[in-house]
Amino acid sequence: MHRYGAAPQEISQAAALEAEFANWQGVQFCLALTSGGQAIQIALRSVGVLPKDLVLTNAFTLAPVPGAIAAVGAKAVLVESAKDLTIDLGDLEEKAQNSAARVLLLSHMRGHIADMDRILEICDRYNVTLVEDCAHTMGARFDGLRSGNHGLVSCFSTQTYKHINSGEGGLLTTNSAEIAARATMLSGSYMNFSRHGAGPDETSFETVRYETPNMSARMDNLRASILTPQLDRLDTNVTRWSERHSVLAKALESVEGVELPMGHSKALRVGSSFQFRLPGADANTCQLILDQAASLGVELKWFGSAEPIGFTSNHKSWRYIAAQSLPNTDEILSTLFDMRVPLSFSLDDCAHIGRILQHVLENCVVRDPV
Ligand SMILES: *Cc1c(COP(=O)(O)O)cnc(C)c1O
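This structure is a prediction, so every number in the text was calculated from the model and none was measured. (Residues numbered from 1 in each chain as written. Predicted model: local features only at pLDDT ≥ 70, side-chain atom pairs only at ≥ 80, totals over all residues. Heavy atoms only, no water.)

### A closer look at the layout of surface pockets
- One number sums up the size of the largest pocket: a volume of about 1,200 Å³.
- Contributing to the lining of the largest pocket are 45 residues, with Arg110, Tyr161, Lys301, Asp338 and Arg340 lying nearest its centre.
- Going through the elements one at a time, α8 (221-252), α9 (283-295), β12 (301-302) and β13 (336-340) are the ones with two or more residues in the lining of the largest pocket.
- No other element matches the five residues that α8 contributes to the lining of the largest pocket.
- When grouped by side-chain class, the residues that make up the lining of the largest pocket number 20 nonpolar, 17 polar and eight charged.
- For the lining of the largest pocket, the two domains that each supply at least three residues are domain 1 (13-228) and domain 2 (233-364).
- Each pocket or cavity is described by its volume, and for the second largest pocket that value is around 380 Å³.
- For the second largest pocket, the lining is made up of 17 residues, of which His245, Ala249, Pro261, Gly263 and Arg269 are closest to its centre.
- For the lining of the second largest pocket, the elements supplying multiple residues, two or more each, are α8, β10 (267-268) and β11 (273-277).
- Looking at the lining of the second largest pocket residue by residue, the class counts come to seven nonpolar, eight polar and two charged. (1 Å grid on protein atoms, 1.4 Å probe; cavity = no way out; pocket = protein on both sides within 12 Å on 5 of 7 lines; lining within 4 Å. Points joined across faces, edges and corners; volume = space filled by probe spheres on them. Helix = DSSP H or I, 4+ residues; strand = E, 2+ residues; numbered from the N terminus. Nonpolar A, V, L, I, M, F, W, Y, C, P; charged D, E, K, R; others polar. Domains from an automatic or database assignment.)

### Section: the environment of Ala135
- Mapping Ala135 onto the fold places it in the loop between β5 (129-133) and β6 (141-142).
- A relative accessible area of 12% means that Ala135 is categorised as buried.
- For the pair Ala135 and His163, spaced 28 residues apart in the sequence, the C-alpha separation amounts to 8.2 Å. (Buried < 20%, exposed > 50% of the residue type's maximum accessible area, 1.4 Å probe, protein only.)

### Some thoughts on the sheet that holds β13
- The three strands are arranged β11-β13-β12 in an open sheet whose pairing can be described as antiparallel. With one partner strand each, in any of the chains shown, β11 and β12 form the two edges of the open sheet.
- On the sheet, helix α10 (residues 327-334) packs against β11, β12 and β13 and is oriented at approximately 60° with respect to β13. (Pairing = 2+ DSSP bridges. Contact = heavy atoms within 4.5 Å. Axes fitted to C-alpha atoms, helices over the stretch in contact; angles between N-to-C directions.)

### What about the nonpolar core?
- In this structure, Ile87, Leu92, Leu104 and Ile119 are the most contacted members of the largest nonpolar core, which totals 44 residues.
- Sorting the residues of this core by element identifies α1 (13-25), β1 (29-33), β3 (75-79), α4 (89-98), β4 (103-107), α5 (116-125) and α8 as the ones contributing at least two each.
- The element best represented in this core is α8, accounting for six residues.
- When sequence neighbours within four positions are dropped, the list of residues in contact with Ile119 reads Ile87, Leu89, Leu92, Leu104, Leu106, Ala114 and Leu130.
- Ile42, Ala68, Val72 and Ala183 belong to the second largest nonpolar core, which has 30 residues in total. (Core = buried A, V, L, I, M, F, W, Y, C linked by side-chain atoms within 4.5 Å.)

### Overview of the domain arrangement of the chain
- When cut into domains, the chain gives domain 1 (13-228) and domain 2 (233-364).
- Relative placement of domain 1 and domain 2: their C-alpha centres are 26 Å apart.
- Between domain 1 and domain 2, the contact holds 37 residues from the first and 34 residues from the second.
- Each partner contributes to the roughly 3,100 Å² buried at the junction of domain 1 and domain 2, and carbon and sulfur atoms together form 59% of this total. (Buried area = accessible area lost by both parts, 1.4 Å probe.)

This is how it looks when you write it as structure tokens:
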């Protein structure tokens with residue numbers, strides 16, 4: 001089961017996965033790892049992030065993102081969110097210009113892709129290296145290009161709730177041989193770097209192999225073997241997610257007071273989760289909506305809860321990093337609801353869930369008296 005346990009001429013399942021994913025993604029190098037969080041840590045180390053360095057990242061993301069920054073001893077500089085749940089480009093530009101951060105860990109949270117042309121322009125202008133967290137955008141595109149092909153290095157997760165599922169797992173991609181070599185050594189390749197499926201040639205390891213510590217984050221063959229067949233179905237599944245998401249969006253788009261995040265016109269999102277906001281609703285109303293939906297069998301998440309329940313995506317719960325003032329993000333999260341859209345839901349299931357949400361929202365949202 002160990003990725004280096006294959007016979008000398010045999011291609012291990014982990015190496016096969018790397019080759020297939022690199023080919024599917026349209027990237028030169030791919031490294032299979034134990035988790036998406038480990039992929040991010042290794043990506044940050046590979047681009048040269050050192051303890052105490054500042055790293056720009058989204059204020060609205062999932063805990064493994066600030067966690068990976070903390071794991072390398074760096075400091076997260078949180079960037080505000082826009083109403084469409086992407087990173088706020090004005091705040092990004094301001095912080096890229098006025099902070100010492102030279103790396104942006106851009107999290108495409110819930111699959112919402114920012115204007116990548118502007119992101120690249122800002123990174124270029126302030127000499128900021130772009131690392132992408134594509135945990136929610138495997139299979140998504142911006143301007144035709146697959147998400148994860150805009151930055152210097154990108155990280156994917158194959159954890160159960162992502163687009164391909166091996167329980168836990170991660171993939172790192174890059175077109176830089178130097179970064180791929182460093183990441184491979186960091187992942188714990190011992191000296192087996194020539195036995196990878198989409199790694200750089202041996203010359204890239206000449207000095208790197210002596211200078212890069214082993215951090216043991218290899219993917220095993222067991223997990224790799226269940227991922228390759230899922231990759232074959234991923235493009236079809238992207239379409240299936242979009243169909244389900246459209247049914248839900250259609251049900252809620254005409255409900256008064258509800259705002260759906262409008263994607264960028266160049267972005268092709270994977271609709272594996274559904275979000276809506278209720279600008280102006282108070283905490284009691286939001287709690288009532290959660291309770292009523294739950295009583296009708298629909299489990300929503302609410303990002304505005306004072307306490308983290310089951311997940312943490314609120315920067316106020318990340319007390320291991322310096323507290324930061326993010327009024328726009330706080331405002332957005334205070335009425336933001338979220339639901340996973342698993343492919344086990346049929347289109348009829350989605351229509352039914354849509355009707356339940358319509359009913360709950362129409363009854364709970366207290367409108368201003370005319
Ligand atoms: C799931 C996730 C990750 C990586 O998570 P792992 O559980 O470590 O694979 C990173 N970023 C976001 C936004 C995620 O949702």
